[in-house]
Amino acid sequence: MFFFMRKRPAFKGGVHPDDRKQATSGLPIEPLPLPARLYLPVQQHIGAAARPVVTAGDTVLKGQMIARGDGAVSAAVHAPTSGRILAVEPHPAPHPSGLPVETIVIEPDGEDRRQEEPDPEHALNLEPEIIAQRVAEAGVVGMGGATFPAAIKLNLGSRHHIDTLIINGSECEPYLTCDDRLMRERTDEVVDGIRIIRHALGARRALVVVEDNKPEALAALQARLYEMDTIEAMAVPTRYPMGSEKHMIKAVTGREIPAGKLGADIGVIVHNVGTAYAVHRAVRMRRPLISRIVTVGGGAVQRPANLEVLLGTRVEDLLAHCGGTRQPPARLLMGGPMMGQVMPHAQVPIIKGSNGIIALTAEEINIGETMPCIRCGRCVAACPCGLMPLEMAARIRKEDMDGAVDYGLMDCVACGSCSYVCPSHIPLVQFFHHAKGVLGARREQQRRQEEIKRLAQQRRERQEAEARAKAEAAERRKAEREAAKRKADEAKAARAAKAAAAKETPKTPAADEAKA
Amino acid sequence: MTQTTPVSGPHTHAPGSVAWNMGWVTLALLPATAFGVYLFGWPALNLLLITILAAVLFEALSLRIAGRPVSPFLMDGSAIVTGLLLALTLPPWAPWWIGVLGAAFAIIVGKHVFGGLGQNLFNPAMLARVALLVSFPLEMTTWITPSPLFSAGAPGFLEGLAITFGLTAVPDAVTGATVLGETQTGFSRDLGLSETLPGVYAPLQQALGFVPSSLGEGSALLLLAGGLLLMARRIITWDIPVAMLGTLVILSTVFMLIDPERYAGPGLHLFSGAAMLVAFFIVTDPVTSPSTVGGRLLFGAGCGLLIYVIRTWGGYPEGAAFAVILMNALTPLIDHYLRPRTYGRTRRGKPLPMKSPEATAPAQEKRP
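Residues numbered from 1 in each chain as written. Chains lettered and ligands numbered in written order. Predicted model: local features only at pLDDT ≥ 70, side-chain atom pairs only at ≥ 80, totals over all residues.

Trainee: Mind showing me how you'd approach the interface of chain B and chain A here?
Mentor: It is common to give the size of an interface as the accessible area that goes away when the parts come together. Taken residue by residue, the interface counts 46 residues in chain B and 64 residues in chain A. Its residues placed into classes, the side of chain B that touches chain A shows 21 nonpolar, 18 polar and seven charged. (Contact = placed C-beta atoms within 7 Å. Nonpolar A, V, L, I, M, F, W, Y, C, P; charged D, E, K, R; others polar.)

Here it is as structure tokens:
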């Protein structure tokens, strides 16, 4: 037992939404049959988009890299199965806007031929840099939905002193059970992945944090961990947003990340259980990230399920496999209902960060009529960041963005706890997104203005320099001219003197010329 | 097939709404209201109904004048709660126009002049009560000794109507004074508490409410039960009632120990003069109380302090309404200065200092 575990792990604020996990928590992971087409966006992660290395008409093998990571923060994309590249073209992205992004379209050949892959090896002898490199090559990103390239976080051990690795198995979003099933069914792989990450970071201890509404997953993990292991599985109270990095660190270690810093700055790194599994696959098995587990749920789905899905499979294929929808969903979400995003339609693909496809009915959403704020302060009590959402929203409503920033807008993690509890059904998070957008645009405009000012300043300086140079040149020329004139005058005077001396001599043409 | 306009999460919501909260408040007030009606008979029921009806009508009128949608705001139940709370603080046999005037003042001046639901600075019911008390001191202090419905001597339905509409004067024989009024009168005649209290103050009777009082403040125990119900349902929070009643108990205990002849004990303070009604139903009004726990504790303690000061040393025997109004005025100030501490920052808003130097990095790396 660690010293900090005497207290019940908790953070301030938070909410307790009905978890609604019963529909799928008991269902084993089932593989989704090979779909007719796969749509792989080159941007499935935070950072720069990957660059396609295939063109239409190429044939690819399962696990072959089809887009290469571009720059320091990026992630490669691999072919989830063997087949032919149909096109590399824009296709609607799994984003509320539904705007198209560059997408590699694969037609599977059904043979699922894989590349020659090396045998599994003992990963704990490897240098941390090699582990990070393999994870980068496999295109692994944060699988909890944040999709930050995992290799970068694995390399932090060399720059920071990391004493604690936290593996996030809290799965605090309602409906989602993909991490729960992963921990239960693939416990050994997850634990191996945790050992590899802990080794890469050089962390003294590792904690697998599971909310207490998943006792089976916790028991499965604890059964696999040795008594003297440096990995410990611990239960935390079910409370949203336990899965938020800041709040999980606070709850289990008691440490608080200072504003503007990262977990690594206080010696803690958080990875998701899905990431641990992907790291195991990437490092131990040398398998790239080509599939993930997705919970299909929500009241509008006929047959909820936990599916193992190839990346690039379209949402409609998942829904069709689950017997379609009972009724047209009021909202189709990718991710959980607290922070998930509304999908414009079901023709968008599953990407690396898609942990759930949730089709909600209107009753589940419980949209109420928006009433004026009655200042009840429930949002203040619910805010895990210690903010006053009602005051921020009141200022944003008056377009007083600076006032909202003064009330801590930039410390908001958009977890949605405030909107969830608001009895007046005010869409507070939407206000905050709007304000952050306006502030971002303002910053961009300011940056541009400064750039314009800088360029104008440069131009003015250049012009001044030119003018100065011109003036100097003119001065010089004038001086030269004057010098020449003086010389000429002197010459004239000399000639005149000469002429005076030869007064009696008759006029010559040369004397006339000098006079002119 | 689904909506295309981007909406941000959360895509689910806790049960409850403004109307839901108001419904629970009304429900929690019902036992005490029913008891008041039972205790003071038909005139009390008439006054109650007139006041609530007037509040709803003035609400509709104000909404119409303001050009706002009438039905959603009427359905939120806030006007009903305001009318109900106002009626509960009125003398039970007050004439009809007291109820109507009070409701008009509460809804129009107390609420809609400020901008309607959520915008008012002062608790509308308390504002109206203070206005009435200052303008019509006689009507507002004509207390009635309890004459339960259908008991001998209680007015019948028609007599009740006659009393409410001022056709017959309230007979002197049935009027009485509240215990706080009696003690103040006693002090003015240099009588100590040991001389005034016997006969007007019996703790059990006082707690149960069989005493002269306003329409709904009598039964401290039923009000307490209603307040606990609201707390259990998480409609109100514990902080304000605890701070207010706690301050009242501490102050009255301390002063009672100093001079029991001059200062009444905590029992009398808790169970008389609307202390319970105010603690659980008035100061917990979300609009006019601070929105942080610290702020609410300060607010509640301030209310308790002011109630005690006004009752003990002020000109009015009953100080709750004035105390609430004064503290309401301080709420914006409290909310401005008592903010919660933000995650990762000090109370002053600066980033937390880095704690363990061994945990900091040799070279800082910013994640893009």
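Trainee: Sorry, what's going on with the sheet that holds strand β5 (residues 65-68) of chain A here?
Mentor: Adjacent strands of a sheet form backbone hydrogen bonds with each other and so pair up, either parallel or antiparallel. All names here are of chain A. Read from one edge of the open sheet, three strands run β3-β5-β6, paired in antiparallel fashion. The open sheet has two free edges, formed respectively by β3 (51-52) and β6 (77-78), since each of these has just one partner strand. Relative to β6, β5 runs antiparallel, the two being bridged by two bridges. Bridged to Met65 within β6 is His78. (Pairing = 2+ DSSP bridges. Helix = DSSP H or I, 4+ residues; strand = E, 2+ residues; numbered from the N terminus.)

Trainee: Help me out: how do you make sense of unusual backbone geometry in this one?
Mentor: If a residue is not glycine, its phi is most likely negative; likewise, a peptide bond is most likely trans. Cis geometry marks the peptide bond from A:Tyr240 to A:Pro241, where omega comes out at -5°. Within the fold, A:Pro241 resides in the loop between β11 (231-236) and α7 (245-253). Omega for the peptide link from B:Gly9 to B:Pro10 comes to -5°, which places this bond in the cis form. Within the fold, B:Pro10 resides in the segment before α1 (18-66).

Trainee: Just checking my understanding: could you explain the nonpolar core for this structure?
Mentor: Among soluble globular proteins, nonpolar side chains are generally buried collectively. Counting residues in each nonpolar core, the largest one holds 244 residues, and the members touching the most others are A:Val135, A:Val140, A:Ile166, A:Ile167, A:Val209, A:Val279 and B:Val324. Looking at this core, the element that brings in the most residues is α1(B), giving 21 residues. Looking at this core, you find at least three residues from each of domain 1 (3-111 + 123-334) and domain 2 (371-516) of chain A. In this structure, B:Val324 is in contact with B:Asn123, B:Met126, B:Val278, B:Ile282, B:Val283 and B:Cys303, ignoring residues within four places of it in sequence. (Core = buried A, V, L, I, M, F, W, Y, C linked by C-beta atoms within 7 Å. Buried ≥ 20, exposed ≤ 12 C-beta atoms within 10 Å, placed from the backbone. Domains from an automatic or database assignment.)

Trainee: So what exactly am I meant to see when it comes to helix α4 (residues 96-109) of chain B here?
Mentor: Given 3.6 residues per turn, any residue in an α-helix points the same way as the ones three and four places further on. Residues and elements named next belong to chain B. With 14 residues, α4 ought to run about 20 Å at 1.5 Å a step, and its terminal C-alpha atoms sit 19 Å apart, in line with that. Listing the buried residues of α4 in full gives Ile98, Gly99, Gly102, Ala103, Phe105, Ala106 and Ile107. Close packing links the buried residues of α4 with α1, α3 (78-88) and α5 (124-135). (Expected span 1.5 Å × (residues − 1).)

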